[in-house]
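Listed here are the chains, written in short residue letters.
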Amino acid sequence: MSHIVLRHRDLPEISNLEVYQKNDGFAAFKQAVSRMKAVEVIDLVKASGLRGRGGAGFPTGVKWSFMDNNNWPHYVVANADESEPGTFKDREIMERNPFQFLEGVAIASYAVGANAAYIYMRGEFWQQAAFLDEKIAEMEKASLLGENLFGTDYALRIYTHLGAGAYICGEETALLESLEGKRGQPRLRPPFPPSYGLYGKPTVVNNVETLTNLPLIITRGADWYKTLGTIDSAGVKVFSLSGRVKNPGNYELPFGRTFRQLIYEQGGGIIDERPIRAIMAAGASSTLIVADDKALDTPMDYASVRTLGADLGSASVIVIDDTVSIDWVIDKTIHFFKHESCGKCTPCREGTYWMQHIVERIRSGSGVQADVDLLYSVAKQMQNKCLCALGEFSTMAVVSGIESFDKDFKKAVGKK
Amino acid sequence: MSLAEKHAAEVKKILAKYPPEQKQSAVMPLLHLVQRKNGHVDRHAMQEIAALVGITETDVAELVGFYTLYHDAPAGKLRLQVCVDLPCALRGADQFLAQLCESLGIEPGGTTADGLITVEPVMCLAACDRAPMFQVQGPDGIAYHENMTVDKTMELIEAKRKEAKK
């Protein structure tokens, strides 16, 4: 099957404007602007079943329809902050298939009536931002951006904006704060960005991969898109596969393929043919899934992964084998979240701090069983109390790790 | 010479990206500019940036403290930032960092005697399938180096040393 998002795998020169245009490039944007009303674009995307690919899985067209039409101007912001450990798909899209992504930004902007769109990129994507700036300039030169697009009165400008190293800025309201030149700390919600977003104006924030799906949905139609994937999760997803597999990398698959297919067929199986122990389906934010036959044969779509007590999230599949113990794994995830906690709400700021101290004690060999119980208790007490998802995420591997891999912790505290 | 005079074209280009009444948005790219040109952001630069976008020096200082790519103190000319997060660590990143530091005769966070290289462990850089990896932050911006070994890294550092002597 040919690729839909990772189209550069079939068309290696697709980052060249001429090549992109020869392969239907900007046909969808032109079709939308010159022959469709904004509301028709929104309805088509709603009908396609496209859901946000950044992690939350919220229906894209529905999000767009929430935009407050009594408050102008409107903005579109592409979330290219990609900072979840285990996630590296948006980077490949922007580096290799930039025009399809930019066309997606343009279509979203037309659909919600925005004349300016910002691409918020993590600060480390310095080279990718310079590359996108070149591509945007090429589009301006070819009159694909600017005033009076396709002979209509629609105008659009796209700008890149670099963050500076903060995982929290992937959270959409923290991202908007950061784009306004402030510390990236989440806002109290509601109001949500479609009513109060960038500069207090209605704003749609969509993930890079989500936007990159749009051009083909417009040209080929919602019914075509729904033939891919499952009823609950339409279309294709880019799975970032990492950890103890032979062939880590991005794999574009329709929703509904199993973990076993991804890890053993695409990924070539585990390094040195060792036994697999655990899967994290949504990067460091994941519940640790015990990698038994039931889990390996579970289809990777939003609803099915939930039956395992986990979430598909951004589909960043980290594979863990028997060379590491789970107390080491959660030591890593806790340090990450402790470092990235923005400090705004107390449960997250204090909770990650104490979890780090306790896990360090356990890892040092001077811990006792009461430390494991205390760690579990702190994580449990944080749940449902944090201002944004980051605090919640920091507890997922801790709670599931202690519940499902109790033996590892017993061993860690029995060492002394 | 002031920041706005010294880098007039770049400052103008940055300010043009945002609505005229929303100049504060330019603070992040202006900080990147100073970080890149000076290797760190000192108090004087913070004052200049604050004046350019119409906020206080404290507003700027809190951003320098919050975001990891801005540094308020000088270090090596090149900051070699090794990802040691979970996916990279599952592919040997911790050992890579330890061996690299040993080869350079420094501790993680330390700077080589010639003042060229600072090695820092950092959080995920979205390159999990190409570990061990690091980025180099310096006067030319940020560049990724992936699927690295200690030998390859030492060669890269030697090349940078020669370049610096020119």
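Bear in mind the structure is a predicted one, so any value in this text is a computation, not a measurement.

Participant: Please explain the sheet that holds strand β8 (residues 289-290) of chain A as it appears in this structure.
Facilitator: Sheets are built from strands paired through backbone hydrogen bonds, the pairs being either parallel or antiparallel. Residues and elements named next belong to chain A. With mixed pairing, the five strands of this open sheet are ordered in space as β6-β5-β9-β7-β8. Either end of the sheet is taken by a strand with one partner, and the two such strands are β6 (249-254) and β8. Where strand β5 (residues 236-243) lies against strand β9 (residues 316-321), four bridges are found, and the strand directions are parallel. Note that in β9 the partner of Leu241 across the bridge is Val317.

Participant: Explanation requested: the confidence of the model for chain B in the structure shown.
Facilitator: In low-pLDDT segments, the atomic positions of the prediction should not be examined closely. Residue and element names in this part refer to chain B. Here chain B shows a mean pLDDT of 96. Residues at 70 or above account for 100%. Confidence, expressed as mean pLDDT per element, reaches its minimum in chain B at helix α1 (residues 3-6) with 89 and its maximum at strand β1 (residues 78-83) with 98. Among the scores for the predicted complex, ipTM is 0.96 and pTM is 0.96.

Participant: Would you mind showing me how to read the packing of aromatic side chains here?
Facilitator: Centre-to-centre distance and the angle between the planes together describe a pair of aromatic rings. Residue and element names in this part refer to chain A. Under the definition given, this model contains 19 aromatic pairs over all chains. The interplanar angle of 85° and the centroid separation of 5.2 Å between the aromatic rings of Tyr110 and Tyr154 together place this pair among those described as edge-to-face. Here Tyr110, found in helix α6 (residues 98-112), pairs with Tyr154, found in the loop between α7 (126-141) and β3 (157-162); they are 44 residues apart in sequence, far enough to count as distant. Accessibility expressed as a relative area gives 9% for Tyr154, which makes it buried.

Participant: Would you mind going over the interface of chain B and chain A with me for this structure?
Facilitator: Bring the parts together and some accessible area is lost; that lost area is often taken as the interface size. With 42 residues of chain B at the interface, the matching set in chain A holds 59 residues. The junction of chain B with chain A conceals about 4,000 Å² of combined surface from both sides, 59% of it contributed by carbon and sulfur atoms. It is Phe66(B), Leu86(B) and Leu90(B) in chain B that bury the most area against chain A; as a group they hold 18% of the surface buried on that side. Joining chain B to chain A, the criterion identifies three salt bridges.

Participant: So what exactly am I meant to see when it comes to the domain arrangement of chain B here?
Facilitator: Taken domain by domain, chain B holds domain 1 (3-66) and domain 2 (78-165). A straight line from the C-alpha centre of domain 1 of chain B to that of domain 2 of chain B covers 28 Å.

Participant: Sorry, what's going on with the pattern of salt bridges here?
Facilitator: Oppositely charged side chains can pair when the atoms bearing their charge come close. Residue and element names in this part refer to chain B. According to the stated counting rule, one finds 38 salt bridges over all chains in the structure shown. Linking Arg130 and Glu146 is a salt bridge whose minimum nitrogen-to-oxygen distance equals 3.0 Å. With Arg130 in the loop between β2 (117-122) and β3 (134-138) and Glu146 in the loop between β4 (141-145) and α8 (150-165), this residue pair connects regions lying 16 residues apart in the sequence. What makes Arg130 partly exposed here is its relative accessible area of 28%. Exposure remark for Glu146: the relative accessible area of 19% places this residue in the buried category.

Participant: Looking at this structure, I do not really get the domain arrangement of chain A. What am I missing?
Facilitator: Residue and element names in this part refer to chain A. Assigned domains within chain A: domain 1 (7-226), domain 2 (236-321) and domain 3 (326-413). The straight-line distance from the C-alpha centre of domain 1 to that of domain 2 is 27 Å. Contact residues are listed per partner, giving 18 residues for domain 1 and 18 residues for domain 2. Carbon and sulfur atoms make up 48% of the area that domain 1 and domain 2 hide from each other, which totals about 1,400 Å². Our enumeration of links across domain 1 and domain 2 arrives at one salt bridge. Glu209 is the partner of Lys237 in a salt bridge, and the nearest nitrogen-oxygen pair spans 2.6 Å.

Conventions used here
- Residues numbered from 1 in each chain as written.
- Chains lettered and ligands numbered in written order.
- Predicted model: local features only at pLDDT ≥ 70, side-chain atom pairs only at ≥ 80, totals over all residues.
- Heavy atoms only, no water.
- Pairing = 2+ DSSP bridges.
- Helix = DSSP H or I, 4+ residues; strand = E, 2+ residues; numbered from the N terminus.
- pLDDT = per-residue confidence, 0-100.
- Phe/Tyr/Trp six-rings, centres within 6.5 Å; stacked < 30°, edge-to-face > 60°.
- Buried < 20%, exposed > 50% of the residue type's maximum accessible area, 1.4 Å probe, protein only.
- Contact = heavy atoms within 4.5 Å.
- Buried area = accessible area lost by both parts, 1.4 Å probe.
- Salt bridge = Lys/Arg side-chain N within 4 Å of Asp/Glu carboxyl O.
- Domains from an automatic or database assignment.

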